[in-house]
Each structure stands twice: as C-alpha cells, then as structure tokens.
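Observations on the three-dimensional arrangement
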Amino acid sequence: MKIGSSTGIAAIALSISGSSAFSPVSFSTCTSKPTDCASERRIGSNALAAATLIDDPAFTPPDTFNEGMITEQACTDAASLMRRVKVPVPPAVSSTGDVGVSYIHWPASAAAKRSYGPTLPLVLVHGFDSSCLEYRRLGPKLADLGIDVYAVDLLGWGYTQLSDVESFSAQAKVDALSGFWSAVGDNNNVCIAGASLGGAAAIEYASSNPDVVKGAVFIDAQGFVDGVGPMSMLPKPVAQLGVKVLKSVPLRSSANTMSYYDTETYATDDALRVGRMHCLREGWDDALVSFMQSGGFSPSKKVSQIAAPSLVLWGRQDGILEKEFAQRFIDTLPDGTLQWIEECGHVPHLEQPEETAAAISNFLRSDKFGGVGGKGLVVTAQSSDTIKIVGGLASAVAAAAAAATLGGAETLFGNIF
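This one's a predicted model, so the numbers in the text were calculated from it and none came from an experiment.

1. A few points about the overall build of the chain
Counting its secondary structure elements, the chain contains 16 helices and 8 strands. Of all 417 residues assigned to the chain, the portion counted as buried reaches 59%. Of all intrachain contacts in the chain linking residues separated by at least 6 positions in sequence, the fraction that spans at least 24 positions is 81%. Total accessible area computed for the chain in this model is approximately 15100 Å², and 53% of it derives from carbon and sulfur atoms.

Here it is, written out as structure tokens:
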C-alpha cells in the first residue's frame, strides 16, 4: 500500500514530522580580499571547522562485517570511515550543550574537481530510522565525480549518541543537523539532500537556514504528509511495546522488499542486516519513542519557502510514495526540477546509484549555481568508469508498511508508516 491514502501501516516511516528554530552559527576568519572570502565560503571550505572538531570518545565505528555479518564491501568501507563528533545543540536537547553525531565523509576527488570544477559540498540525510550507511554506494560515486560528500545520522538514529540526551524529537533532530553543519562545515554554503523521511528533515533545515542552504536535492522525499498519527498520543509503555515491532525481522524484511523495483537483486538478507544493525543499540527504543511522541516533522507548508535551486529525484517504480508527490514538489518549489530514475523503486541512491550520482553532479554543475557549479559537464552513468555496482543495500524502514501480517500493527501505528 502506498502513502497517499489515509489508511495502512505503510506510512509509519514516511509521515512522521516536527519543526525547529535553533540554528547555531559560527564564522571562519578570512584575511584575503573580500571577494576571495566570499568565494571561499560559497564553495564550502571547512578547513577551520575540521581543525577544531571534537571527537566523541565514547564512539566506536560499527563492526559491520564481524558483528553485523554484513558481507557487502561498500558497507565495510563506509563503516570504516564513520566518525562521531560533538556538535552544539540547545539545552532542551542536551544539558551539556552538545551531542555526538555520527557521519561519513567522502572527500571530493582532487583530479575530478580539477577537471569538472568545484561544487557546493553536499550533506546527505537518511530516511526513517536508518543510518548514514544508507549512502554507502552513492557517497563514493559522488566523490569520484569531484563532490565533497557528508552523510550524517539524524539524532537518535544511526550511530548517534543515545545516552544523556534530553530529547530525540523532530525538532531535536533538526537542531542536531544544524549543529552538525555548524561544527563540521563552519556554516559554509551547502546543498542539503534528503531521502524519504530524510527529505522532511532537509526541508525543515533548508527553510530555516536560507543563508546557508543554496541547493537542495529530494530523493523520493516525504514532503507533504505531516504528523505521526495516533502514536503521538499513546502512553509511553504502550508506545515502547509498539516500537519493538519496528526492529523485528519480519517487519524489516517487508520494508526491505517494498523499497526496491528489482527485489531479487537488492532485497537481500545483507540489506536487511544493514538497515537493522543500529536498532540493536542500547537506548534505541527510548529514542524512537521520544521521536514518535514529539509529533514528528511538519514539512508540508515549508516546501514553498525553499528558494534555493532544488532537484527532485524519483524512482519511476516507487511502491511506497505516490508519484503525484513528485509533481507536487515541482508545483510547490519556487525553483524545482524533476528527474525520474527508471527501473527504480523508493531508494534510487541504493538501486540506481550511478544514475543518481550523475543527476546530482549535473545539477550541482548547472548554471543555476552561478559559477560554483563547475564547467557544465554532462556526466552519465555509463561514462563514469570508476563507478561500479557493489551488491547489497540498506533497508528503508519507511516501507515497513507491508508488515500488516503482524497482528494489530495497523491499529497501533495508524497512518505514521
């Protein structure tokens, strides 16, 4: 069952929402000419921020191969690059004023950057209850095309800090995302990208940070369904029982299958393990309950506020979100472009990473970005010799709807899947 109808548990991962106003700002010092400073900030230099990052001493990257029993090499490689740093947040999120946010950085290929020209740095936001490992295939391909890429975990999901945090609400997630780019990117101009429910977080961030967000990419994104439904009104003990269903193998398996067009190739046991591994961390249950009971994201009225050039990518065979939502983005965004990804379901970044990388590269190098976009080179998936398909994939639990066979799940979660 697709999102767009008012019933079915298919929507728990996609229609969850909230808002944020906190946006920490820091500024780098430039001793060059004013025009040089503007150019440096425009293309997203973050040398100063990188020099002052504070690593979270409690963090150990996930052992996806041995502990997770995940054989995909792209996942192993991505996990080895994962880092968790302290980022500023309001006291309502953490009494210490900071939280640990995990992310993966794929630096732009210097050779490709010289050949194709610079672009804005790109921050990738994963879907509902997923992790930055969701971008294990897309991130390296974008870096090979000369784009500086950061895949970040939303607070409470992935491998972020779970202890000593006051709130994992939708607002707290956007606060932490804002703090992340303040700490890691020095609030330089950036292109924000979000897949599925990550699109809602990206919309919240972009609409409240127009001076920072100068481009946006929405990948089969959740942008027009607000709220979490009845889950927000459940007593906490009942909600805690409910979220345990979300990490069950049957439900994750259903989500895995719904996410792809080519299920035989991509809806594998390996993909299931990638999408589920972070759910086994201590504190995951309480973090998810906190988010559910916060009311979730409310992106629908904020899409029109995103003035930055925006690219909407949509899998032609998406079985989770109605195709009408793709056109609705174009009708609502002040400067939006739609590109369909053929033979692809809900997760183009996993099922068609070459086509997705090429589309994003061409967008960031288009004339919409006034010279920051490089030389206008048209990249195709076929022409990128360094891009190879690597098997396996992360589950977008947003698709967990198919688990209607788990008795009572639809009654419990209502329209939030």
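Read on, since the account is not over.
2. Topic: the pattern of salt bridges
Across all of its chains, the model carries 12 salt bridges by this definition. For the salt bridge of Arg83 with Asp55, the shortest nitrogen-to-oxygen distance reads 2.7 Å. Taken together, the residues span a long stretch of sequence, with Arg83 in strand S1 (residues 83-88) and Asp55 in the loop between helix H2 (47-51) and helix H3 (73-80) at a distance of 28 residues. Salt-bridge contacts for Lys302 lead to Glu204; the nearest nitrogen and oxygen are separated by 2.5 Å. In this pair, Lys302 sits in the loop between helix H12 (284-293) and strand S7 (310-315) while Glu204 sits in helix H7 (residues 197-208), placing the two residues 98 residues apart along the sequence. There is no split in this pair, since Lys302 and Glu204 are both buried.

3. A closer look at the side chain of Asp220
The residue Asp220 is located in the loop between strand S6 (213-219) and helix H8 (236-246) in this model. We note that Asp220 is buried and unpaired, the nearest opposite charge coming from Lys323 at a distance of 8.5 Å. Only 3.0 Å separates the side chain of Asp220 from the backbone nitrogen of Gly315, close enough to count as a polar contact. Residues within four places of Asp220 in sequence aside, it is in contact with Ser196, Leu313, Trp314, Gly315, Asp318, Leu321, Gly345, His346 and Pro348.

4. Examining the sheet that holds S7
Taken in spatial order, the 8 strands make up an open sheet running S1-S2-S4-S3-S5-S6-S7-S8, and their pairing is mixed. Here the strands that pair on one side only, and so sit at the sheet edges, are S1 and strand S8 (336-341). Along the sheet, successive strands turn relative to each other by an average axial angle of 25°, direction set aside. Sheet topology note: the S6/S7 ladder contains 4 bridges and is parallel.

5. Description of helix H9 (residues 249-258)
The set of residues buried in H9 consists of Leu251, Arg252, Ser254, Ala255, Asn256 and Met258. Tucked into the core, H9 has its buried residues touching H8, helix H11 (269-276) and H12.

6. What about the packing of aromatic side chains?
This structure, assessed with the given rule, holds 13 aromatic pairs. Relative to Tyr150, the ring of Tyr103 lies with its centre 6.4 Å away and its plane at 35°, an arrangement referred to as tilted. Note that Tyr103 is positioned in strand S2 (residues 98-106) and Tyr150 in strand S4 (residues 149-152), a separation of 47 residues in sequence. We classify Tyr150 as buried; its relative accessible area is 2%. On the basis of an interplanar angle of 65° and a centroid distance of 5.1 Å, the ring pair of Tyr103 and Phe180 is categorised as edge-to-face. With a gap of 77 residues between them, Tyr103 in strand S2 and Phe180 in helix H6 (residues 170-184) connect regions that are remote in the sequence. By relative accessible area, which is 4% here, Tyr103 ends up buried. Taking relative accessible area as the criterion, Phe180 reaches 0% and is therefore assigned buried. Among the aromatic residues, those joined into a cluster by ring pairs are Phe218, Phe224, Trp314, Phe325 and Phe329.

7. Section: the layout of surface pockets
Considering only enclosed or pocket space, the largest pocket measures out at about 380 Å³ in volume. Taken together, 18 residues form the lining of the largest pocket, with Glu67, Tyr159, Met277, Leu280 and Arg281 sitting closest to its centre. With 3 residues, the single largest contributor to the lining of the largest pocket is H11. Residues of the lining of the largest pocket, tallied by class, amount to 10 nonpolar, 2 polar and 6 charged.

8. Things to note about H3
Three or four residues apart is the spacing at which side chains of an α-helix point the same way, because the helix has 3.6 residues per turn. Within H3, burial applies to Ala74, Cys75, Ala78 and Ala79. All buried residues of H3 lie within an arc of 130° about the axis, which places them on one face of the element. Packed against the buried residues of H3 are S2 and H11.

9. Describing the packing of H8 against H12
Where H8 contacts H12, the two axes come as close as 9 Å, and the packing angle between them is 115°. The angle between the axes of H8 and H12 places the two elements in the roughly perpendicular class. The two elements H8 and H12 meet at a crossing, and its hand is right-handed. Facing Lys236, Ala239, Gln240, Val243, Lys244 and Leu246 of H8, the residues of H12 in contact are Trp284, Asp285, Asp286, Leu288, Val289, Met292 and Gln293. Residue composition of the contact of H8 with H12, grouped by class: 7 nonpolar, 2 polar and 4 charged.

10. Quick word on the confidence of the model for the chain
One rule of thumb: low pLDDT means the predicted coordinates there are not for detailed reading. When the pLDDT values of the chain are averaged, the result is 82; 75% of them are 70 or greater. Across residues 4-49, confidence stays below pLDDT 50; counting only partners more than four residues off in sequence or on other chains, it has 153 contacts. Below a pLDDT of 50 lies the segment residues 383-417, which in the model reaches 141 contacts outside its immediate sequence neighbourhood of four places, other chains included.

Cut-offs applied
Residues numbered from 1 in each chain as written. Predicted model: local features only at pLDDT ≥ 70, side-chain atom pairs only at ≥ 80, totals over all residues. Heavy atoms only, no water. Helix = DSSP H or I, 4+ residues; strand = E, 2+ residues; numbered from the N terminus. Buried < 20%, exposed > 50% of the residue type's maximum accessible area, 1.4 Å probe, protein only. Contact = heavy atoms within 4.5 Å. Areas by Shrake-Rupley, 256 points an atom, 1.4 Å probe, with all protein chains shown as cover. Salt bridge = Lys/Arg side-chain N within 4 Å of Asp/Glu carboxyl O. Lys, Arg positive; Asp, Glu negative; His and termini not counted. Polar contact = N/O pair within 3.5 Å; in protein donor to acceptor, adjacent residues only side chain to side chain. Pairing = 2+ DSSP bridges. Axes fitted to C-alpha atoms, helices over the stretch in contact; angles between N-to-C directions. Phe/Tyr/Trp six-rings, centres within 6.5 Å; stacked < 30°, edge-to-face > 60°. 1 Å grid on protein atoms, 1.4 Å probe; cavity = no way out; pocket = protein on both sides within 12 Å on 5 of 7 lines; lining within 4 Å. Points joined across faces, edges and corners; volume = space filled by probe spheres on them. Nonpolar A, V, L, I, M, F, W, Y, C, P; charged D, E, K, R; others polar. Arc of directions from axis to C-beta. Parallel < 35°, antiparallel > 145°, perpendicular 65-115°, else oblique. Left-handed = near helix turned anticlockwise from the far one by under 90°. pLDDT = per-residue confidence, 0-100.

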